[in-house]
Every structure is written in structure tokens, then in C-alpha cells.
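# Summary of the model geometry
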Amino acid sequence: MRRKLAWALPGLLWGVAAWAAGPQDGPPPIRVGFICPFTGGSADFGTAARLGAELAVSEVNQAGGYLGRPLELVARDDKSNPDEGRKIAEELVQGKKADFTIGFCNSGVALKSLEVFQNAHHLLMIPVATATALTSQFPPASSFIFRVSPRDALQAAFLVDEVQRRGLTKVAVFADKTGYGEGGLKDVERFLAQKGLKPAYVARFDLGAANLTAQMREAKAAGAEAIIAYTVGPEMGMLAQSRADAGVNADLLGSWTLALRSAEDRGGKALEGAAMAQTIVPDTTLERRTSFIARLHRLRGKEPLGSLMAAAQSYDAVYLMLGALFQTQGRTDGDALKMALEHLNRPYSGVVTTYDQPFSPSDHDAISANMLWLATWRRGELHFYYPEDARKATVIQRKPGAAH
């Protein structure tokens, strides 16, 4: 029980004990690389992710750091650009400016950089990007890539199951032309096929498209009863407005990015009732989440929060890495951190969930299907789509198979 309590109070028990036992002046910091977009079209969730990481780092340092060594967040803006992301990855890894890295919000940016981390045996923890390929490009047994966000295969299966739950069979898929949209489309098609279905209509579009009204009318003509969307926040809002402009009544479902504040900023009332997969929904039923949201609010001040999900997963990512450091006794080389993460010996009571043996040598994805909730926009705020889910969410979901 004492072991579990040490994880259950994020940073506090660990840090206080470490502060009392460790040296207080002059220890070198543990440099935490952090790569996400802070400018450009994905800045909303990139900035939210950074806020979550900054909050965790601040808490750890206020409590004494790791054995007296402070954490230093080495944050870099990839501008949602794959080439820029690759350049930054090489700077942090090959320039030895980070001991390990937490990074990437955009799947296409991450995919371009994975080999930089893998070839150098530099551990990468992905807090936000969701493309299924990110943790399957290299076999987990030899991979240095880990993730605390729900891969698209989980979200696609979840959304297709929701379509079936509603008794709908004609599905239109709207996916942008990025690596994220491409991966999402393939996942949705695969899970529809498992149910003996094919998309009634498929639309591909570039980021920055002004509207998709014509494509929405074509989807309506094809008999679409539901629309599944894979794109980023502003385009999600544009897509919702295009659906309204075209007079389409098909249910709008989307990947997690449909919950981004930038989607609501652009889509407004057209998003009412649209639903999406989420790992966390704002609620006051769990103290750890209520406390986290309050602390995050104090940190960000008047700055709008683009994504609670991105912030929470990044926050949890920092603490999972802190747990690995305690297990490696401070070693930060990729081989040691990889071994520790695959065999974490203490559950961590995080904001999103309780991480109880979240990784293994054959599985580097911490989020499992039972950790997804269906959220919806109601009057400009996110809520649980199903009232019973709000009750179920009071019970922390653990990964199947974890010993507890």
C-alpha cells in the first residue's frame, strides 16, 4: 500500500523524500526534451500539452526534484511542420540537449522523426499524437518509442462501434491529406470492413480548406447517415459548419481532435451534438481531476486551454518518466529507461487513469479501449454523451491484465 501511495500523490511523496535525502546545491538538471507546436494551426493543443508538462515539472521541482536534481523542460516549437520537427529531434538527440524526450502532437510530424530517436536509443514518450503506426513502425521489443495517447486504431474501432450502437450503416468518412488523416481513414475502413460495411462516401481535403459544402452534399446524396471525421481542430469546425450549410442531418462523429477549442471557435453552434472519443472529460466527480484542472487554470491564467486531453496526457507522461527514473536510480540512457517503463513496479494514479503496468516488452501503448469515453459539444462545452458514462468515470479504468 505504501508503494501505491507514493504514486498516488503525484510527485509530492517522491519529491519530499528525495529532497530530504539528496544534495541541495549544484546538481545537474535532468533535461526533458519537449517537442510540440506552439505556433501555427495546431498551436491550441500543442500549447495545452506544454502547459500540462510545465505543471508537472513545476510540481516535481517544488518538491525537490529527483534526488535533488531539478527537471528542466527543454521545449521546442515544431510549428506542425514535419521537416522542422525532424530538425529539432536531431538537435535534441544528436546534440545531446535532452536526456529523454516527451513529444509530438501531430502524427505526420512524429512519423518523420521516429528513426532519429530509435537509431540513437533515445527514449521518446508521445503524449498527444495518435497515428497507429507510431508505436508499430518498430517492434516493441526493440523500440524506444512509447505513448500515453489513444492510438487511432482504438478510436476508429470505438467510433465504428458507436455508429453500430446507433443502428446506422451508411458512413461517410472525411479525412485530411496529412499522415494523420490517412492513417485514420485506413483504420476506419478496416473496422467497417470487419462489420461487413464499406464507406458510403469518402472525402479527402487539404488543411486550410475554406469549406466542404459541396462534398457534404455529395455525402448526403450517397445516403450517409453518419460522418466520421479525421482532421485537426479548425478543420473540424469548418467541417461542422459545412455540414450545416449543406443541410446534412447525418450524425457527426470524430477523432479526439473534434474536442479542441479551435474546433468550437470555428464551428460554433454547428458543433452542437457532435461527438468524439476522449480519454478525459471535464467533470467534478474525481478529486484528482478537479485538482488538476484547478492547478492548470492557475498556471495558464487568462490563456484559453485548447485541449484538456493534451494537457492531462502530457502531465501524466512527465510523472511516468519520473517513475522510470526512480526505478533506474537516475540512469537516463534509453536502454535503462526502456527496461524500467516496460516493468514499472508501482502503479501511478494519474489524471487520465491509474497506470498499472501500462507498458510491456510487447506493448508500448499505455491507453487501452476501456479508457475511452464518448464526449459531445453542448452549448459550447464538453460533456459526457451518455449520462451513465459520467457515473462510470468515477471508477478509474485500469489496463486489462494489470496486476492490482
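Below is a summary of the structure that appears in this document.

Analysis parameters
Residues numbered from 1 in each chain as written. Predicted model: local features only at pLDDT ≥ 70, side-chain atom pairs only at ≥ 80, totals over all residues. Heavy atoms only, no water. Core = buried A, V, L, I, M, F, W, Y, C linked by side-chain atoms within 4.5 Å. Buried < 20%, exposed > 50% of the residue type's maximum accessible area, 1.4 Å probe, protein only. Helix = DSSP H or I, 4+ residues; strand = E, 2+ residues; numbered from the N terminus. Pairing = 2+ DSSP bridges. Axes fitted to C-alpha atoms, helices over the stretch in contact; angles between N-to-C directions. Contact = heavy atoms within 4.5 Å. Parallel < 35°, antiparallel > 145°, perpendicular 65-115°, else oblique. Nonpolar A, V, L, I, M, F, W, Y, C, P; charged D, E, K, R; others polar. Arc of directions from axis to C-beta.

What follows covers the nonpolar core. Judged by nonpolar contacts, the single largest core of 79 residues is most densely connected at Met125, Ile228, Phe292 and Leu341. Element by element, the count of residues in this core is highest for helix α12 (residues 308-328), at 14 residues.

What follows concerns the sheet that holds strand β14 (residues 381-384). On the basis of which strands lie adjacent, the open sheet formed by 7 strands has the order β7-β6-β8-β9-β10-β13-β14 and mixed pairing. Each having just a single partner strand, β7 (201-205) and β14 make up the two edges of the open sheet. Taken pair by pair, the neighbouring strands of this sheet meet at an average axis angle of 25 degrees, ignoring direction. Pairing analysis gives 4 bridges linking strand β8 (residues 226-230) to strand β9 (residues 251-254), with the strands arranged parallel. Residue pairing across strands places Ala226 opposite Asp251, the latter belonging to β9. Contacting β6 (171-176), β8, β9, β10 (275-278) and β13 (373-378), helix α6 (residues 152-165) crosses the sheet at an angle of about 170 degrees to β8.

Look at helix α11 (residues 287-300) against α12: their axes get within 12 Å of each other, and the N-to-C directions meet at 100 degrees. The angle between α11 and α12 falls in the class roughly perpendicular. Contacts between α11 and α12 involve Phe292, Ile293, Arg295 and Leu296 from the former and Leu308, Ala311, Ala312 and Tyr315 from the latter. Considered class by class, the residues forming the contact of α11 with α12 number 7 nonpolar, no polar and 1 charged.

Let's shift gears to helix α8 (residues 213-221). Those residues of α8 that sit buried are Thr213, Met216 and Ala219. Take α8 and look down its axis: the buried residues cluster within an arc of 115 degrees, on one side only. Packing partners of the buried residues in α8 comprise β6, β7, β8 and α9 (233-245). Downstream of α8 by one or two residues, Gly223 has phi in the positive range, about 85 degrees.

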